[in-house]
Amino acid sequence: MIFKRAAAKLRAQDWFAIAVELGIVILGVFIGSWVNDWSQQRAADRETRELLLQLRPEMTRQRESMTSITDYSKTTRNYADVAFAGWRRDPRVSDNDFVIAAYQASQVYGLSANGQTWATIFGGDQLRRIDDPAIRAPLQRLMTYDYSLLSYDRMATKYRDNVRLVIPNDIQQQIRRSCGDRLIQDGRALALPATCPITIAGAAQAAAALRAHPELIGQLAQHQSAISTQFVNVALVETQVDALDKAIAQLR
Amino acid sequence: MIFKRAVAKLRAQDWTAISIELAIVIFGVWIGNWVNDWSQARAQEREAKTLVLRLRPQLERLSAIEEGERDYYRITRRYAETALDGWRGDARVSEADFVIAAYQASQVAGLSIDGSSLSIALGADAVHKIDDPALREAVISVMSFNFTALRADTLLDDYRRHVREIIPYPVQQRIRDSCGDRQTQDFLILPPNCSITVSGQEAAQAAAMLRSHPELAGQLAFHLAQTTAWLSNLSRLEARVRPLLTLIDQNTGLKRP
């Protein structure tokens, strides 16, 4: 009796309307989920794009850093030329200038960036979202570059150590005080004065001490070759920074 | 009285319709969830495929670097042979060629890649999404490679240091300017020949200085041994990159050019 009544009630239902209702629920959940995925994807793309745009000031800073390293090394190279002339006893180079140049040629400066932080900030998932190879390729090169190749300790050569053992401490201090590293770019980079117009008391003795160590000439040549390597490495990073910056600028 | 009215109202409901509606909601949500899971699984699959596809250009880059590095050291080895001939006093090697070769043999190039950053950039965080175990293993083997073994540091040895202390700076500078490293995006190229003019006197003087340090020949032999060890580390990277490229092609239906 109960079964018959239940069957009759079931038969009395509008099954078409029920099927439509079921379809609506399924489609509703599906569309809701699809819209959710789509909006998440759009948000992620927007985030990647914003992150890329935010990189532009960093690109500018990187470029300024690279320029400062190149300028710094060019300045030390000029001092090295004077120091070589001093060792050659070129009459145009005074003992005073020789000592200053020998010291300044040993000044070094490298990048203090940590490449891994870059990679972590702009993680692999963000990188995978970038379809444009013009952005992805230089970004990946910059993210994976071994920045320790540009670090200061790469320039810590025998010349730097030994010339500082030969030049008396008070002279070194005087040169550092008057013509040492200067902070530039709001303290983010260093510069070395291109000239050092100071008078050193005891320059003749210091110059003689330097000339008593002719091995320093070879060591300075070796030091200069390390700087040449730094130029090559800096140029490599600069090229990628320029390429990335150009590609990001197209995003606007 | 209130209870009776409530019971009467409950009885008056169309419980069949309510049950059907409840079933529709449960079934609908279940199906919706199932569709959602299915679409998430597909998204994950897509993501894994994107990861693998995006690996390809990087692996091709590594392959190109490997080839570039091999070419580089083939050239430095030729210079080294000329330099060793020069130290042996071989008459076929001019003083200028000897000096140039001695310098060029000290040129080194290494991979400027930070291994940890590379694995982050390649997507170490998403490797677990790759279903194919062979492909996953191959990806992990590249990501976990110790790139420090391929830095140029291991080649900054006594020969490189000493020969650069002995060859006069202006000569070195001229060699570097005319025949030094040429930069591509990822690796360095060393010109195979170096036809610069070193004056007879300058060359003779530099060659004599080099010959007055016969220990440099031994140091150069050691440098060559170091280079061979470095290249064998490079082969180990190659042995990981090439099979991975093949697996990616098989998995994505791509063909290597």
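Keep in mind that what you see is a predicted model, and the values were worked out from it rather than measured.

We now examine the overall build of chain A. In terms of regular secondary structure, chain A is built from 10 helices and two strands. Helices and strands appear in chain A in the N-to-C order α-α-α-α-α-α-α-α-β-β-α-α. Its C-alpha atoms give chain A a radius of gyration of 33 Å, clearly above 18 Å, the size a compact globule of 252 residues would have. Oriented by its inertia axes, the alpha-carbon framework of chain A measures out at about 125 × 35 × 25 Å. Looking at chain A as a whole, 37% of its 252 residues qualify as buried. Considering only contacts in chain A between residues 6 or more positions apart, those separated by 24 or more positions represent 83%.

What follows is about the overall build of chain B. The number of helices and strands found in chain B is nine helices and two strands. Listing the helices and strands of chain B from first to last along the sequence gives α-α-α-α-α-α-α-β-β-α-α. Against the 2.2 N^0.38 benchmark of 18 Å for 257 residues, chain B shows a C-alpha radius of gyration of 33 Å, more extended than a compact globule. Overall size of chain B, expressed as C-alpha extent along the three principal axes, is 125 × 40 × 25 Å. In chain B, buried positions account for 34% of the 257 residues. Residue pairs in contact within chain B that sit at least 24 positions apart in sequence constitute 81% of those at least 6 positions apart.

What follows deals with the packing of helix α2 (residues 15–88) of chain B against helix α9 (residues 215–252) of chain B. Residues and elements named next belong to chain B. The contact between α2 and α9 brings their axes to 9 Å, and the two run at 160°. Viewed along their axes, α2 and α9 adopt a mutual orientation that is roughly antiparallel. Along this stretch, α2 crosses α9, giving a crossing that reads as left-handed. Residue classes in the contact of α2 with α9 are distributed as 20 nonpolar, four polar and seven charged.

On to helix α3 (residues 95–104) of chain B. Residue and element names in this part refer to chain B. When you tally the buried positions in α3, you get 10 out of 10 residues, the bulk of the element. Those residues of α3 that sit buried are Glu95, Ala96, Asp97, Phe98, Val99, Ile100, Ala101, Ala102, Tyr103 and Gln104. In this fold, the buried residues of α3 make contact with α2, α6 (158–166), α7 (169–179) and α8 (200–211).

What follows concerns the interface of chain A and chain B. A common measure of how large an interface is: the accessible area buried when the components associate. Each side of the interface is counted separately: chain A has 42 residues, and chain B has 43 residues. Looking at the side of chain A that touches chain B, the elements that each hand over two or more residues are α1 (2–12), α2 (15–87), α4 (115–121), α5 (124–128), α6 (133–144) and α10 (215–249) of chain A. Counting residues per element, the side of chain A that touches chain B draws most heavily on α10 of chain A, at 12 residues. The residue makeup of the side of chain A that touches chain B, split by class, is 18 nonpolar, 17 polar and seven charged.

Residue and element names in this part refer to chain A. Phi at Arg89 takes a positive value of approximately 60°, unusual for a residue other than glycine. With respect to the helices, strands and loops of the structure, Arg89 is situated in the loop between α2 and α3 (95–104). Positive phi values are uncommon outside glycine, yet Asp186 reaches one of about 55°. Here Asp186 lies in the loop between β1 (182–184) and β2 (189–191).

For the rest of this paragraph, the subject is the nonpolar core. Within the largest apolar cluster, 64 residues are counted, with the highest numbers of intra-cluster contacts made by Ala121, Val139 and Val142 of chain B. If you list the elements that add at least two residues to this core, you get α2, α6, β2 and α10 of chain A together with α2, α4 (115–122), α5 (133–143) and α9 of chain B. Per-element tally for this core: the top contributor is α2 of chain B, with eight residues. Ala121 of chain B has contacts with Ala119, Gly124, Leu127, Gln140, Met143 and Thr144 of chain A, leaving out every residue within four places of it along the chain. One finds Phe84, Ala101, Ile171 and Leu216 of chain A within the second-largest nonpolar core, a separate group that totals 27 residues.

Let us look at the packing of α10 of chain A against α6 of chain B. With their axes 7 Å apart at the nearest point, α10 of chain A and α6 of chain B run at an angle of 120° to one another. Put simply, α10 of chain A runs oblique to α6 of chain B. With respect to the hand of their crossing, α10 of chain A and α6 of chain B are arranged in right-handed fashion. Mapping the contact onto sequence places Gly218, Gln219, Ala221, Gln222 and Ser225 of chain A in α10 of chain A and Arg161, Arg164, Glu165 and Ile166 of chain B in α6 of chain B. Of the residues that constitute the contact of α10 of chain A with α6 of chain B, the class distribution is two nonpolar, four polar and three charged.

On to the environment of Ile167 of chain A. Residues and elements named next belong to chain A. Mapped onto the elements of the fold, Ile167 is located in the loop between α7 (158–166) and α8 (169–179). Sequence separation between Ile167 and Glu50 is 117 residues, and the spatial gap between their C-alpha atoms is 53 Å. Once residues within four sequence positions are removed from consideration, Ile167 is found in contact with Val99, Ala102, Tyr103, Gln172 and Ala206.

Turning to the confidence of the model for chain A, a few remarks are in order. For residues with low pLDDT, the predicted coordinates do not support detailed interpretation. Here chain A averages 89 in pLDDT, and 98% of its residues register 70 or above. No element of chain A has a lower mean pLDDT than α4 of chain A, at 71, and none a higher one than α3 of chain A, at 98.

One can find Gln44 of chain B in helix α2. A sequence separation of 85 residues divides Gln44 of chain B from Lys129 of chain B, and the C-alpha atoms of the two residues are 6.7 Å apart.

Calculation rules
- Within each chain, residues carry numbers counting from 1 in the order of the written sequence.
- Here chains are named by letter from A upward and ligands by number from 1 upward, in the order in which they appear as written.
- Given that this is a predicted model, residues contribute local features only at a pLDDT of at least 70 and side-chain atom pairs are listed and counted only at 80 or more, while totals for whole chains, interfaces and linings are drawn from all residues.
- Only DSSP runs of H or I with at least four residues qualify as helices, and only runs of E with at least two residues qualify as strands; both kinds are numbered from the N terminus onward.
- For this measure, only C-alpha atoms enter the radius of gyration; the expected value for a globule follows 2.2 Å times N^0.38, where N is the number of residues.
- The burial criterion counts other C-beta atoms lying within 10 Å of a residue's C-beta, which is placed from the backbone; the residue is buried at 20 or more, exposed at 12 or fewer, and partly exposed between these limits.
- By definition, residues are in contact whenever their C-beta atoms, placed on the basis of the backbone, come within 7 Å of each other.
- A fitted line through C-alpha atoms represents every axis, and for helices the fit uses only the stretch in contact; the resulting angles, taken between N-to-C directions, go from 0 to 180 degrees.
- Angle categories are assigned with fixed cut-offs, so that under 35 degrees is roughly parallel, over 145 is roughly antiparallel, 65 to 115 is roughly perpendicular, and the rest are oblique.
- Left-handed is the label given to a crossing in which the near helix is rotated counterclockwise from the far helix by less than a right angle, and right-handed is the label when the rotation is clockwise.
- Note that Gly is not counted as nonpolar here; it falls among the polar residues with everything else outside the nonpolar set of Ala, Val, Leu, Ile, Met, Phe, Trp, Tyr, Cys and Pro and the charged set of Asp, Glu, Lys and Arg.
- Buried Ala, Val, Leu, Ile, Met, Phe, Trp, Tyr and Cys residues whose C-beta atoms connect them within 7 Å together make up a nonpolar core.
- Each residue gets a pLDDT score, which is the predictor's confidence in that residue and runs from 0 to 100.

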